[in-house]
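Summary of the model geometry
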Amino acid sequence: MKKDFWRNKTVIITGATSGLGKEMTKILLEKGAKVIAISRSEESLKGLQNELTMFSKNLFLIKADVSFKKDCEDVFKIIKDELKTADFLINNAGVGLRCEVEEIDDLDLKKVFDTNFFGAFYMMKYGISFFKEQGGGTIVNICSLGVKRPVPFTSGYTASKAALSVMADVARIELKKYNITILNAYPGSISTSFRKKALGKPYPEDEIRLSRLSPDVAARRIIRGIEMNRKEIYTSKKDYIFVLFTRLFPHLSDFIVEKAFKKS
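Residues numbered from 1 in each chain as written. Predicted model: local features only at pLDDT ≥ 70, side-chain atom pairs only at ≥ 80, totals over all residues. Heavy atoms only, no water.

1. Describing the sheet that holds strand 7 (residues 180–185)
Where we set the bar: Strands pair, by our definition, only if DSSP identifies at least two bridges between them. Here a helix means four or more residues in a row that DSSP labels H or I, a strand means two or more in a row labelled E, and each is numbered from the N terminus. Throughout, a contact is declared for two residues whenever any of their heavy atoms are within 4.5 Å. Where helices are involved, their axes are fitted lines through C-alpha atoms of the stretch in contact, as for all axes, and angles between N-to-C directions lie from 0 to 180°.
Taken together, the 7 strands give an open sheet; going across it, the order is 3-2-1-4-6-7-11, and neighbouring strands pair in parallel fashion. The sheet terminates laterally at strand 3 (59–63) and strand 11 (232–233), the two strands that pair on one side only. Bridging between strand 1 (residues 10–14) and strand 2 (residues 34–39) involves 5 bridges; their strand directions are parallel. Each bridged residue has a counterpart across the sheet, and for Ile-12 the counterpart in strand 2 is Ile-36. Its contacts with the sheet put helix 4 (residues 106–134) on strand 1, strand 2, strand 4 (88–91), strand 6 (137–142) and strand 7, and the angle it makes with strand 4 is roughly 175°.

Right under this line is the structure:
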């Protein structure tokens, strides 16, 4: 892999002002990329700008709420008018939800799908048109390890990411002839404020997780996976091994997860 892989590449990142998105933004800027940071919060965008003043020439800010189709359309109009081109779109914006299936609030579930699925879908929809016009590009969807190995209390969140994952897999086949690449990342638990902001019931501090990564480590591993053009990107070997185990032994995998959560 070339050391200067990201130099002069332009990367669009949604949910770029906190957690994993913020770390990816910082790392990509350090690697020489131009980053178009998207957030629905103007205050957060200003905070990011103030924190990354040393990269001001390569950092572009766009206020947009990806759950609104018009905002996503406007994002690509702005990029086309002002920057002309882009190489990567990373669909990172997400909303969490922790609750038993029976007790999920309809409005909470809708909010989660509006951002996690429809927001990414809108960005993909306009991104595909944009990339087709310029002759190619790469779309990366930040899904969830739960898509591959579901765990209790995360059904609403995981369902939204599973829908995105399947749509992206289909798009990968459809878009290959247009030189558009689709990659999916399946990170496990990351130590950010994501859980605290999640809808539904609060996450217990001691709830079991296969791995707990710092956002910096997770971001670097996802970026490395993009550099290697991996169709499926995992952020730890333990996650990947357990996904393989689940595929081979689904009933035993269910038993292990159920027992672990009862003990927790």
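Text resumes after the structure shown.
2. Things to note about the nonpolar core
Stated formally: We define a nonpolar core as any set of buried Ala, Val, Leu, Ile, Met, Phe, Trp, Tyr and Cys residues linked to one another through side-chain atoms lying within 4.5 Å. Whether a residue is buried, partly exposed or exposed follows from its accessible area with a 1.4 Å probe, protein chains only, as a fraction of its type maximum: under 20%, in between, or over 50%, in that order.
Ile-12, Phe-76, Ile-79 and Met-123 are the most contacted members of the largest nonpolar core, which has 34 residues in total. Only strand 2, helix 3 (69–82), helix 4, helix 6 (155–175) and strand 7 provide two or more residues apiece to this core. At 9 residues, helix 4 tops the list of elements feeding residues into this core. Counting 30 residues, the second-largest nonpolar core is a separate cluster that includes Leu-20, Leu-29, Ala-37 and Ile-90.

3. Describing the packing of aromatic side chains
The following threshold applies: Two rings from Phe, Tyr or Trp (for Trp, the six-membered ring) form a pair when their centres are within 6.5 Å of each other. A pair whose planes differ by under 30 degrees is stacked, one over 60 is edge-to-face, and the rest are tilted. Look at NZ for Lys and CZ for Arg. If either is within 6 Å of the ring centre and within 35 degrees of the ring normal, a charge sits over the ring.
If you walk through the whole model with that rule in mind, you get 14 aromatic pairs. Aromatic pair Phe-76 and Phe-130: ring centres 5.6 Å apart, planes at 50°, arrangement tilted. Here the residue Phe-76 occupies a position in helix 3, and Phe-130 occupies one in helix 4, the gap between them amounting to 54 residues. Aromatic side chains Phe-130 and Phe-131 sit 5.8 Å apart centroid to centroid with 70° between the ring planes, which places their arrangement in the edge-to-face category. Taking the relative accessible area as the measure of exposure, Phe-130 reaches 8% and is therefore buried. Taken together, the aromatic side chains of Phe-113, Phe-117, Phe-118, Phe-121 and Tyr-122 make up a single cluster linked through ring pairs. Above the face of the Tyr-178 ring, Lys-132 is positioned so that its terminal group lies 4.1 Å from the ring centre.

4. Considering helix 6
Just so we agree on the cut-off: To estimate the expected span of a helix, subtract one from its residue number and multiply by 1.5 Å.
Across its 21 residues, helix 6 extends 30 Å between first and last C-alpha, which sits within 8% of the 30 Å expected from 1.5 Å per residue. Among the residues making up helix 6, those that are buried are Gly-156, Tyr-157, Thr-158, Ser-160, Lys-161, Leu-164, Ser-165, Ala-168, Ala-171, Arg-172 and Leu-175. Structurally, helix 6 contributes buried residues whose contacts are with strand 5 (97–98), helix 4, strand 6, helix 5 (145–148) and strand 7.

5. Some words on the packing of helix 3 against helix 4
This is how the line gets drawn: By definition in this entry, angles of less than 35 degrees are roughly parallel, angles greater than 145 are roughly antiparallel, angles of 65 to 115 are roughly perpendicular, and the rest are oblique. It is the rotation of the near helix from the far one that decides the hand of a crossing: anticlockwise by less than a right angle makes it left-handed, clockwise makes it right-handed. Amino acid classes used here: Ala, Val, Leu, Ile, Met, Phe, Trp, Tyr, Cys and Pro are nonpolar; Asp, Glu, Lys and Arg are charged; the rest, including Gly, are polar.
Interaxial distance between helix 3 and helix 4 falls to 9 Å at its minimum, and their mutual angle equals 30°. Overall, the two elements helix 3 and helix 4 adopt an arrangement that is roughly parallel. Where helix 3 crosses over helix 4, the two elements pack in a sense that is right-handed. Across from Lys-69, Cys-72, Glu-73, Val-75, Phe-76, Ile-79 and Lys-80 in helix 3, the residues of helix 4 making contact are Gly-119, Tyr-122, Met-123, Lys-125, Tyr-126, Gly-127, Phe-130 and Glu-133. The residue makeup of the contact of helix 3 with helix 4, split by class, is 8 nonpolar, 2 polar and 5 charged.

6. Quick word on a nonpolar patch on the surface
Here is the rule we go by: Exposure above 30% relative accessible area and no salt bridge define the residues that can form patches, which grow by joining like charges within 9 Å and nonpolar side chains of Val, Leu, Ile, Met, Phe, Trp and Tyr within 5 Å. Working definition of accessibility: Shrake-Rupley area with a 1.4 Å probe, residue cover restricted to the visible protein chains. Salt bridge, as used here, is a side-chain nitrogen of Lys or Arg placed within 4 Å of a carboxyl oxygen of Asp or Glu.
Together, Leu-248, Phe-249, Leu-252, Phe-255 and Ile-256 line one region of the surface with nonpolar side chains, adding up to about 490 Å² of accessible area. By residue number, the principal contributor to the nonpolar patch is helix 9 (residues 250–263), which donates 3 residues. Its place among the elements puts Leu-252 in helix 9. On the basis of relative accessibility, which here comes to 41%, the residue Leu-252 falls in the partly exposed class.

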